[in-house]
Amino acid sequence: MEWGRAMRELSTAIDHLAIEDPAEIPRAQLAEQLIELHWQMARLQAQIARRTAVRLP
């Protein structure tokens, strides 16, 4: 996944969650959205680590 695309997807996911009222979202759907957001952030962190050589080989 390219850097710009990953940033856009993460930004879109955050924006999507920000406009919703969590009280109106079924718990299962909210959990799915939060898990997806977590994985997107983890993938982005891994990309940052690879690009900055922070991660050990």
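Structure's up top.
Parameters at a glance
Residues numbered from 1 in each chain as written. Predicted model: local features only at pLDDT ≥ 70, side-chain atom pairs only at ≥ 80, totals over all residues. Heavy atoms only, no water. Helix = DSSP H or I, 4+ residues; strand = E, 2+ residues; numbered from the N terminus. Buried < 20%, exposed > 50% of the residue type's maximum accessible area, 1.4 Å probe, protein only. Contact = heavy atoms within 4.5 Å. Areas by Shrake-Rupley, 256 points an atom, 1.4 Å probe, with all protein chains shown as cover. Expected span 1.5 Å × (residues − 1). Salt bridge = Lys/Arg side-chain N within 4 Å of Asp/Glu carboxyl O. Core = buried A, V, L, I, M, F, W, Y, C linked by side-chain atoms within 4.5 Å.

1. Details of the overall build of the chain
Then comes step 1: Regarding its fold elements, the chain presents two helices and zero strands.
Then comes step 2: A buried classification covers 21% of the 57 residues belonging to the chain.
Then comes step 3: Within the chain, residue pairs in contact and separated by at least 24 positions form 57% of the contacts whose partners lie at least 6 positions apart.
Then comes step 4: Total accessible area on the chain is roughly 4,700 Å²; 61% of this is exposed by carbon and sulfur atoms.

2. Some details on helix 2 (residues 27–52)
Then comes step 1: With 26 residues, helix 2 should cover 38 Å at 1.5 Å per step; its first-to-last C-alpha distance of 37 Å lies within 8% of that length.
Then comes step 2: Looking only at helix 2, the buried set comprises Q33, L37, Q40, L44, A46, Q47 and A49.
Then comes step 3: Just downstream of helix 2, A53 is the residue with a positive phi angle, here 60°.

3. So, the pattern of salt bridges
Where side chains of opposite charge bring their charged atoms close, a pairing between them can arise.
Then comes step 1: Tallied over the full model, the rule gives one salt bridge.
Then comes step 2: Between E36 and R43 there is a salt bridge, with the nearest N and O atoms lying 3.4 Å from each other.
Then comes step 3: We classify E36 as partly exposed; its relative accessible area is 38%.
Then comes step 4: For R43, a relative accessible area of 35% corresponds to the partly exposed category.

4. So, the nonpolar core
Then comes step 1: Counting six residues, the largest nonpolar core consists of A6, L10, A13, L17, L37 and L44.
Then comes step 2: Secondary-structure elements contributing two or more residues to this core are helix 1 (3–19) and helix 2.
Then comes step 3: Looking at this core, the element that brings in the most residues is helix 1, giving four residues.
Then comes step 4: Ignoring anything within four residues of it in the chain, the contact list for L37 reads L10, A13, I14 and L17.

5. Some remarks on the side chain of Q40
Then comes step 1: For Q40, the location among the structural elements is in helix 2.
Then comes step 2: Contacts of Q40, omitting those with residues within four sequence positions, involve E9, L10 and A13.

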